[in-house]
Amino acid sequence: MAVVPVLSALIVLPLVGAVLLLLVRNRGHERDTVVQWAALGVSLAEFAVSLWMWSRFDAARPDFQMVERVDWIPSFGIQYAVGVDGISLFLVVLTAFLTPLALLGSWRSVHTKVREFSFFMLALESAMIGVFLSLDMFLFYVFWDAMLIPMYFLIGIWGYERRVYAAVKFILYTMAGSVLMLVAILTVASLHSAATGAYSFSYEAWLALAVPRHTQMWLFLAFAVAFAIKVPLFPFHTWLPDAHVEAPTAGSVILAGVMLKMGTYGLLRFAFPLFPDAAAYFAPWLAVLAVIGIVYGALVAMVQPDMKKLVAYSSVSHLGFVVLGITAMNVQGVQGAVYQMLNHGVSTGALFLIVGMLSDRRHTRLISEYGGLKHVMPGLVAAFFVITLSSIGLPGLNGFVGEFLILLGAFRWNPALAAVAASGVILSAVYMLWMFQRVNYGAVTNPKNEGMQDLDTREKFVLWPLIAMAVFMGVAPWVFLKPMTPAVNRIVARMAEAGPAKVVPVAAPAGTESSR
Amino acid sequence: MSSVSILGPTLNGIVPVLCVTLAGLACLLAEAFRQPGERMPIGGLGGIGLAGAGAAILLLWGRRAESFGVVTADDFGLFVQLVLVGIGALTLVFSPKAIDRDTLPAGEYYALMLFALAGMMLMAVATDLLLIFLALEVFSLALYVLTGLRRRECASTEGAFKYFVLGGFSSAFFLYGIAFTYGLAGSTRLDRVASMVQAHALSGDPLLLVAMGLLLVGLAFKVAAVPFHMWTPDAYEAAPTVVTGFMSTAVKAAAFAVFARVFLLALEPLRAEWMPVLWVLAICTMILGSVVGVAQTNLKRMLAYSSIAHGGYLLVALAAGGDAGRASILFYLVVYAVTNIGAFAVIAMLGTREQPMETLDEYKGLWHSSPVMAALLTIFLLSLGGFPPTAGFVAKWYVFSAAVGAGQFGLAVVGVLTSVVSVFFYLRIVVMMYMSDAREGAAPARLPGPALAALSLSAAILFYLGVLPTRLLDLAARSVAGMF
C-alpha cells in the first residue's frame, strides 16, 4: 500500500491551522471575520481529509489500517504509532464533522478574542483526533491530557457566569482520574519490560502481554476510573452539568459530542481488551452503575428548569446506555454502543446548538421564559422537533438503532439490567417531549419572544447537516455498522476468551448464565 | 585542549569552576573602578566567564578528569555543571532590569551570583565530603547576601536573616555528619567511604546511622525537603525575584547532584536504612508543597511551595535510584531549571517599582494588556503542572516511570495526585490572567529585547523537549552510566 500519511495529516492539519491563525493580521475590524473564515476553512479541510480516510478504509479488515509507526523515544520503546479501525473510524469522522458546525454555530455568540477562540478549537480538534488514532499508550496519554488545556480555556474564557468554577472543576476532576491511569500505564510498561526485557507502550504489544489476574484488577480500576470520569458514569458525573452548562455553545457541542466518547472509547479500546479478566469481573458492577446513570440522569433531567442543564443530564443518561452496551460485551451490545456514541454526538450536538441559538436571541436558557415558539420561529422548531425525536430514539431516526442494539445486547447478557435500562427510553421521551412542549407549544406568553428571528442562512447551514445525518443514520445504519463489525468482533472475541472467569453479580437473577 | 593543558592536567577538572570564579573576581574589580552613577556592562564579564566554563565543560566531556583526588569531572557532574551554567546565563540576561528597578549594587550582585555559581559547580564534581562542605558554604554565603540585597526593605533583611540562621544550622548538621563519617571510615573521600561501607557491612553500626542521618538532614535543608523547608517561602519572597529564580533552581541542581553522589553511590549499600527515611521525606515534601501552595496569594510564595513540591518529585527519583532514577534526576533538573527560571523571570520582568506584580490580584486580566507575557507565563505554569506537550510532562513521566520501575508505587501515586493538587494553584494564576476582567489602567509590559528573546527561547525549549525529548533523555542516561 502506498504510504500516504492520512492519519498524521488528520492530527497535524488543525494544529498547523491553529498556529497559522495566530499569524493572521487583523486589520482593525471589529469582528475578526478573516480569522473565522480561516478557521472554518481549516476545519472543513479537515473534514474532507477525514472523508478521504473513510474512502480508503477497508471495511472487511478487523485490524488497524493506515498504520504509521516511527520510533519516538526508542530507549523506552515509545513510538509515534497511529492507526484506525472500525471503531475509531467514525469517531474521527464525527469529530471532524462537528468541529466546523461548532465553529459556525458560535459565529456571532463569540465576539471577543475570536482568534484565540478559533486557535483553541482547532488545537482541541487535533488532540481529540490524536486520542482516537493513537496506538501507543504514551502518545495516547499525551493527547488525552493535552486535550484538557484548550477545553479549559474555552470554558473559562468564553463561558457563562460560573465559567471559572466550571473550568477548574472540569480540569481537576478529569486530571485526578487520568493521573492514576498514568501510573497504570507505567506499570504495564514495566511489566512488559520485566517479561520481554524491553519497555514498550505499544497497544498491540500490550494485548499480547499476559498480565496476572491480581494485577489486572488494579490496572483495570485505574483505567476504568479515568474513563468513567470522562464518560461520565454515575457517581463520577458531577463535573458534567457544570462544565456543559457554563461552556460556550461550541464548547458544549464538542464536550458532549466528542469528549464524552473518549471515556467510552477508552473503556472499549483499552480498559476491556487489555485487562480482560478484570473487565469480566468488574463488568457487572459497571453495568449497574451505567443503569443507575440511565435512570438517575433521566429523572434529574426531567426536573431541570434550564434547557442546557436538561440536555447535560440527558447525556449522563445516554452515555449510560453506551457503557451498558460495552459491558454486555457481545456483538450487538458493542456495535450498539459505538453507534450510540455517534448518535449522541449528532443529536446532543444539535440540541446544544439549538439551545445556543435560543439563548443567543434571548440571553436566557430557562424553559419558563419560552413558550409558543412554533408561532414565531417555525424553522427552528421544525429542526428542534426532528432532533428531539432523534434523541428519544424514534424508529427511523438514528437514536433508535443504537438504543435498540444496546438493549438487545444487554438483554442477551442480563435481562434484568436491560429491563431497567429500557425504562430510560421512556423517561427520555418524557423529559425531552415535555421540554419541547413547554418551549414550543401553546400561546406566546412572554412578549419578549414575539420578535424572535427564525433561522438565518448561517444557522440553517449549522442545523441541516445534523438533521440530514440523524435521518441518514436512522434509515441506513448498515453504512456505519458494516465497517465497524470486524473490529467489534475482534474485541468481543478477545473478551470471550476471558469468559470462563466471568462472575455474575450476586443480585443477578437465576438463568443469567444460560443466556450467555 | 591546548589552553587547558597549559594549566597542567591536575587542574583540568576544575577549569569550568575557575572560569566562573575569575569572572566573579573581574566583576568585583570592575566595580571598584566604576564611577558613581556610571553604567558599566559588568554583566558581560559574567557572560564571558560562563561562555568559558561552558566551552571547558564540553571539552572535558567524556574524559573523566580528576583533580587533586577530590574532584572528579565525570559526565554526571559535567551535566549538572552545564545545567548550572545555563541557569547562570539565563539569570544574567534577566538581571539588568532587576538591578535597575531595585537599584541594587551591580558589581556586588554579579560577583556574588558568580561566586555562588562557582560553589555550586564545584559541588557538582566534588567527590570528597570536606570539599563538598566547602563548596556548599561558598554558595550558601553568597546566597545569604543576595537574598538580603534589597537592604532598605525590612522583609528582605528578615528573610535573609532567617535563611542565614537556618542555613548555618543545617551546615553544622552536615559538618557533624562528615565528622562522624571520618571517624568511622578514616577518610572523607566518597570512594573510600563507599568501600568502607561495602567491606565492613556496617549497616548495624549506630554511629554510621547517625552520620548518615546528619548528612541527610544537611542536604534535605538545602533542597528544602519537608520538614526542613521553613526557610524557603520567606527567603524566596525576600530575595529579588531574579535571584529567587536563580536560587530555586541552581541550589536544587547542586544539592541533588551531591545527594545522588552521597546516597546513591557512597551509601548505596545502606539503602535499606535510608530508604524509609527518604520515602517519608519525599511524601511529606510533595504533599506539603502542593497543599500549602494552594493557600498562597503571593506569587513568589506560591512558586516557593511549588518548588518545594518539585523537590519532592526529585526525591522520588532519588528514592527510585538505579540508572533510571539518576538519569531522571538529570532530565528533571534541566526541565525544572528552564521552567522555574522562566516563571520567576516573567514575574521579575513584569514588576515595576510601583507595581511589583507579586500578588495574585495584580495579574487580573494580564492577557488583555500583555498577551505575550501572559502566554509565556502560562506555558511555564503548564510545564510546572506537568501538562503535555510541554517538557514538564516528560520530566514527571520519567521520574514516575523510574519509581514504578523500582517498585515504588506509593511514591508514584502520591506524586501524581499531588501534581493534580498543584495544578489547582498554577491554574489560579491562569484564571487571573485570562478569565478575569482587566484592571484599570494596566499598561502593557515593556521588557528588554534580550529578556524577551530568552523567555521565548525557554518556552520553545520546553515544547521541544516535550515533543522530542529523546536526545536529552539519552544524554542523561549516558551521563550517569559511568558515575563511579
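Procedures and definitions
- Residues numbered from 1 in each chain as written.
- Chains lettered and ligands numbered in written order.
- Predicted model: local features only at pLDDT ≥ 70, side-chain atom pairs only at ≥ 80, totals over all residues.
- Helix = DSSP H or I, 4+ residues; strand = E, 2+ residues; numbered from the N terminus.
- Rg over C-alpha atoms; globule rule 2.2 N^0.38 Å.
- Contact = placed C-beta atoms within 7 Å.
- Axes fitted to C-alpha atoms, helices over the stretch in contact; angles between N-to-C directions.
- Parallel < 35°, antiparallel > 145°, perpendicular 65-115°, else oblique.
- Left-handed = near helix turned anticlockwise from the far one by under 90°.
- Nonpolar A, V, L, I, M, F, W, Y, C, P; charged D, E, K, R; others polar.
- Domains from an automatic or database assignment.
- Core = buried A, V, L, I, M, F, W, Y, C linked by C-beta atoms within 7 Å.
- Buried ≥ 20, exposed ≤ 12 C-beta atoms within 10 Å, placed from the backbone.
- pLDDT = per-residue confidence, 0-100.
- Expected span 1.5 Å × (residues − 1).
- Arc of directions from axis to C-beta.
- Pairing = 2+ DSSP bridges.

Caption draft 1: Structural view of the overall build of chain A. Of regular secondary structure, chain A possesses 20 helices and two strands. Here the C-alpha atoms of chain A give a radius of gyration of 22 Å, agreeing with the 24 Å that 2.2 N^0.38 yields for 516 residues. By principal-axis analysis of the C-alpha atoms, chain A measures approximately 70 × 60 × 40 Å. Taking the contacts inside chain A whose residues are at least 6 apart along the sequence as the reference set, 81% of them involve residues at least 24 apart.

Caption draft 2: Representation of the packing of helix 4 (residues 114–133) of chain A against helix 6 (residues 148–158) of chain A within the structure. Residues and elements named next belong to chain A. In contact at an axis separation of 8 Å, helix 4 and helix 6 are set at 150 degrees when each is read in the N-to-C sense. What the angle tells us is that helix 4 and helix 6 run roughly antiparallel. Taken as a pair, helix 4 and helix 6 cross one another with a handedness that is left-handed. Of the residues in helix 6, those in contact with Phe117, Phe120, Ala123, Leu124 and Ala127 of helix 4 are Pro150, Met151, Phe153, Leu154 and Trp158. Looking at the contact of helix 4 with helix 6, its residues break down into ten nonpolar, no polar and no charged.

Caption draft 3: The interface of chain A and chain B, seen in detail. Taken residue by residue, the interface counts 24 residues in chain A and 25 residues in chain B. Of all elements in the fold, only helix 5 (137–146), helix 6 and helix 7 (163–196) of chain A reach the threshold of two or more residues within the side of chain A that touches chain B. Among the elements that make up the side of chain A that touches chain B, the one with the highest residue count is helix 7 of chain A (14 residues). Split into classes, the residues belonging to the side of chain A that touches chain B amount to 18 nonpolar, four polar and two charged.

Caption draft 4: The domain arrangement of chain A, seen in detail. Residue and element names in this part refer to chain A. Each assigned domain of chain A is listed with its residue range as follows: domain 1 (1–227 + 235–256) and domain 2 (275–503). Here domain 1 and domain 2 have C-alpha centroids that lie 22 Å from each other. Of the residues lining the interface, 35 residues belong to domain 1; the matching set on domain 2 comes to 39 residues. Contributions of two or more residues to the side of domain 1 that touches domain 2 are made by helix 3 (86–105), helix 9 (213–230), helix 10 (239–246) and helix 11 (249–274). A per-element tally of the side of domain 1 that touches domain 2 places helix 3 first, with ten residues. Its residues assigned to classes, the side of domain 1 that touches domain 2 comprises 23 nonpolar, eight polar and four charged.

Caption draft 5: Geometry of the nonpolar core. Residues and elements named next belong to chain B. Within the largest apolar cluster, 416 residues are counted, with the highest numbers of intra-cluster contacts made by Leu84, Ala253, Ala254 and Tyr332. With 21 residues, the single largest contributor to this core is helix 14 (residues 322–350). With residues up to four places along the chain from it excluded, the contact list for alanine 253 reads Val80, Val83, Leu84, Ile87, Met120, Leu333 and Ala337.

Caption draft 6: Here's a closer look at the confidence of the model for chain A. Residue and element names in this part refer to chain A. In the predicted model, chain A carries a mean pLDDT of 87, and the fraction of residues at 70 or more is 94%. The least confident element of chain A, judged by mean pLDDT, is helix 15 (residues 373–376) at 85; the most confident is helix 5 at 93. Scored below 50 in pLDDT, residues 500–516 shows 18 contacts in the model against residues more than four places distant or in partner chains.

Caption draft 7: Highlighting helix 20 (residues 470–481) of chain B. For helix 20 of chain B, which comprises twelve residues, the first-to-last C-alpha distance of 17 Å matches the rise-based estimate of 16 Å (1.5 Å per residue) to within 8%. Turning to helix 20 of chain B, its buried residues are B:Leu472, B:Leu473, B:Ala476, B:Ser479 and B:Val480. Buried residues of helix 20 of chain B, seen end-on, are gathered within an arc of 130 degrees and therefore sit on one face of the element. Away from the buried face of helix 20 of chain B by more than 90 degrees, exposed residues B:Arg471 and B:Ala481 are located. Structurally, helix 20 of chain B contributes buried residues whose contacts are with strand 1 (65–73) of chain A together with helix 4 (75–102), helix 14 and helix 19 (449–467) of chain B.

Caption draft 8: Broad picture of helix 17 (residues 391–405) of chain B. For helix 17 of chain B, which comprises 15 residues, the first-to-last C-alpha distance of 21 Å matches the rise-based estimate of 21 Å (1.5 Å per residue) to within 8%. Immediately beyond the C-terminal end of helix 17 of chain B, within one or two residues, lies B:Gly407, with a positive phi of roughly 80 degrees.

Caption draft 9: Expanded view of the pairing of strand 2 (residues 78–84) of chain A. Residues and elements named next belong to chain A. Within strand 2, five of the seven residues are buried, leaving the element largely enclosed by the surrounding structure. Taken together, the six bridges between strand 1 and strand 2 define a ladder with antiparallel strand orientation. Bridge assignment links glutamine 65 to a residue of strand 2, and that residue is valine 84. Between strand 1 and strand 2, which follow one another and run antiparallel, lie four residues, and glycine 77 among them has a positive phi close to 65 degrees.

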